[in-house]
Amino acid sequence: MITVEQHLERVLAAVRPLAPQRLPLDQAHGCVLAEEVTALLAVPPFDNSAMDGFAVRAADVAAAEDGAPVRLRVVGDVPAGSPARPPVEPGTAVRVMTGAPIPPGADAVVPVEHTDQAAGPGQALPAVVEVRRPAAPGAHLRGAGEDVTPGAVVLRAGTPLRARDLSTAASVGHGALLVHPPVRVGVLSTGSELVPPGQTPDAGQIPDSNHILVAGMVREAGALPVLLGAVADDAAALRARLAENLGRVDAVVTTGGVSAGAYDVVKEVLAPLGEVAFEQVAMQPGKPQGFGVLREGADGPASGAGQGAPDGPAATEAGVPIFCLPGNPVSVFVSFQVFVAPALRRLRALVGDAGPLAAAVAATGWRCPPGRRQYMPVVVDGTDGTGALRVRPATAGGSGSHLVASLALADALAVVDAEVDAVREGDAVRVMMVP
Ligand SMILES: Nc1nc2c(c(=O)[nH]1)N[C@H]1C(S)=C(S)[C@@H](COP(=O)(O)OP(=O)(O)OC[C@H]3O[C@@H](n4cnc5c(N)ncnc54)[C@H](O)[C@@H]3O)O[C@H]1N2
Ligand code: MOO
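It should be emphasised that the depicted structure is a prediction, and the values quoted were computed from it without experimental measurement.

A. Structural view of the site of ligand 2. The immediate surroundings of ligand 2 are formed by Gln 284, Pro 285, Gly 286, Lys 287, Pro 288, Asn 328, Ser 331, Arg 372 and Ser 401. Within the side chain of Asn 328, a nitrogen or oxygen atom sits 3.4 Å from an oxygen atom of ligand 2. Contact between ligand 2 and Ser 331: an oxygen atom at 2.5 Å from a side-chain N or O atom of the residue. Across the shell around ligand 2, the residue classes break down as two nonpolar, five polar and two charged.

Encoded structure:
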């Protein structure tokens, strides 16, 4: 058996960030930025009004008050988006809407509420406006470049792009950015016992819960699932499904068929390729693990992959990493957290790992498997006096790898060293919070 660290090291050594591509902003959400972004436009791009009202010369309205309004001749109307720039001479005003450019000559805006004019849509442009409050020079003006001036750096390389980062890029004039593209992950279940969710299983059949689990975890890891469905325990069918799809994915996750069974076809099909190794990892759940890299034109079952693919070649020139996870659903969940998620971070070009495990205290004891690191699904039961999380197994069945229905209860995985044969109430444990 190898350790979790040994297997993870092998996985991480085989994956590289996907090569950057220039993508339109609407396709770049979640992608890691591969360039420094500087402003092409100022924000705001021009002096504009912060209020719906009237652009005036502040000196004209300095003495305005309710009892002694100042009357100004209205010489123009500038809605937002209008190219009109009617000058504001002494004694005049121009109606402006929020976001509209400030006309030359004006140095303040009087909100419509401080005039004799009604607020709201459909109001005709008056010939004269009565201003009932003074406005200081600069009042309700938003100056060009107040936020950002052209040339300023607004986003740094390495940033995973959030909605507001993309809005920043748009506001400073960019329509596309150089990013590490979304990682497309093929999701493939194997097993002759599987029926699609919602379909009543016949004798010996079970719902394929792994497919939807892995697809969702791929999304939660910031990548794009490519649903490759389920294949029966049939070597030719598996070979064909992989060969058809390898060219349109950057990684593949399969479930099932990796242990010692007579029908464990994943192992049968991929092991002869040489670059996919099947190991026993000292962890529970998740002991049997396959990992490797499938290459275009490789001799063997997956040869021809990538040819004629509808969505273009895989972005990983070095080949397509494939994770062959065990079929038991809790094993899938744990294996994904421990091996696939870190690899997806690297493929996405995220820097660093997901962060340290959190400190917790066992609210109750539980048994651990000898010689394997345990990943126990736990619920968090508040905190103790020192602020440490109190955790207990999410189900009476403990870390059994088939307890898929109870997995939804878990808040975290308690990670217990291989040497520990039992956790006792009050013991310190480390936990990995899970999405
Ligand atoms: N003789 C041995 N038997 C087993 C060993 C071993 O070392 N020697 N290891 C056990 C461990 S540990 C695990 S984990 C499993 C892994 O098995 P496989 O990866 O070969 O998976 P399957 O046999 O195909 O399925 C296992 C289990 O999971 C259910 N399953 C499979 N796919 C799905 C799916 N898509 N959705 C829901 N459930 C699924 C399947 O029906 C089985 O119950 O092997 C042990 N055996
Ligand atoms: O390692 Mo298996 O995942 O225990 O059931």
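B. Fine view of the pairing of strand S25 (residues 389-393). Of the strand pairs in this sheet, strand S22 (residues 358-362) and S25 are connected by three bridges, and their pairing is parallel. From the neighbouring strand, Val 361 faces S25, where its bridge partner is Arg 390. Of the pairings in the sheet, the one linking strand S24 (residues 373-383) to S25 comprises four bridges and is antiparallel in character. Within the sheet, the bridge partner assigned to Thr 383 lies in S25 and is Leu 389. Between the antiparallel neighbours S24 and S25 lie five residues, among them Gly 387 with a positive phi of about 90 degrees.

C. Region of interest: the sheet that holds strand S7 (residues 92-96). Spatial ordering of the open sheet is given by S8-S5-S7-S6-S9, a layout of five strands whose pairing is mixed. Edge positions in the sheet fall to strand S8 (108-111) and strand S9 (128-131), since each of these pairs with one other strand and no more. Across the sheet, the axes of successive neighbouring strands diverge by a mean angle of 40 degrees, strand direction being ignored. Sheet topology places strand S5 (residues 53-56) next to S7; three bridges connect them, and they run antiparallel. Looking across to S7, one finds that Phe 54 is bridged to Arg 95.

D. Broad picture of the site of ligand 1. Taken together, the neighbourhood of ligand 1 is formed by 22 residues, with Glu 193, Asp 208, Ser 259, Lys 287 and Gly 327 sitting nearest. Measuring from an oxygen atom of ligand 1, one finds a backbone N or O atom of Val 258 at 3.1 Å. Asp 264 places a polar side-chain atom, nitrogen or oxygen, 3.3 Å from an oxygen atom of ligand 1. For ligand 1, whose free accessible area comes to 870 Å², the fraction covered by protein is 69%. Breaking the shell around ligand 1 down by element, the ones donating at least two residues are strand S13 (184-190), strand S15 (206-207), helix H3 (209-220) and helix H6 (329-348). Of the residues belonging to the shell around ligand 1, the class tally is eight nonpolar, ten polar and four charged.

E. Quick look at the sheet that holds strand S1 (residues 21-24). One open sheet holds the three strands; their spatial order is S1-S12-S2, and the pairing between them is antiparallel. Each edge of the open sheet carries a strand with a single partner, namely S1 and strand S2 (32-33). With four bridges connecting them, S1 and strand S12 (residues 176-180) associate as antiparallel partners. Bridged to Arg 22 within S12 is Leu 178.

F. Up close: the packing of helix H1 (residues 4-14) against H6. Running from N to C, H1 and H6 point in directions that differ by 30 degrees, and their axes come no closer than 10 Å. With respect to their mutual orientation, H1 and H6 come out roughly parallel. Seen from above, H1 lies across H6 with right-handed handedness. Where H1 approaches H6, its residues Val 4, His 7, Leu 8, Val 11 and Leu 12 are matched on the opposing element by Val 338, Phe 339, Pro 342, Ala 343 and Arg 346. Within the contact of H1 with H6, the residues separate by chemical class into eight nonpolar, one polar and one charged.

Calculation criteria
Starting afresh in each chain, residues are numbered from 1 along the sequence in its written order. The lettering of chains begins at A and the numbering of ligands begins at 1, in the order of writing. With pLDDT at 70 or above as the cut-off, local features in this predicted model cover only qualifying residues; side-chain atom pairs require 80 or more to be listed or tallied, and sums for whole chains, interfaces and linings still use all residues. Side-chain measures were taken over the full set of non-hydrogen atoms in the model, leaving aside hydrogen atoms and water. Put simply, a residue is near a molecule or strand once any heavy atom of it comes within 4 Å of that molecule or strand. As used in this structure description, the phrase polar contact means that two N or O atoms lie within 3.5 Å; if the pair is within protein, one of them must be able to donate a hydrogen and the other to accept it, and residues adjacent in sequence are counted only when both atoms belong to side chains. Asp, Glu, Lys and Arg are counted as charged, while Ala, Val, Leu, Ile, Met, Phe, Trp, Tyr, Cys and Pro are counted as nonpolar; the rest, among them Gly, fall into the polar class. For two strands to count as paired, DSSP must find a minimum of two bridges between them. Under the scheme used here, helices are H or I runs from DSSP no shorter than 4 residues and strands are E runs no shorter than 2 residues, and both carry numbers assigned from the N terminus. Axis definition: a line fit to C-alpha positions, over the contact stretch in the case of helices; interaxial angles, taken between N-to-C directions, run 0 to 180 degrees. Calculation of accessible area relied on Shrake-Rupley with a 1.4 Å probe; when residues are assessed, cover is drawn exclusively from the protein chains displayed. Should an angle lie under 35 degrees it is considered roughly parallel, over 145 roughly antiparallel, and from 65 to 115 roughly perpendicular; all remaining angles are considered oblique. For any helix crossing, the convention is left-handed if the near helix is rotated counterclockwise from the far helix by under a right angle, and right-handed if that rotation is clockwise. Throughout, a residue-residue contact means that at least one pair of heavy atoms, one from each residue, lies within 4.5 Å.

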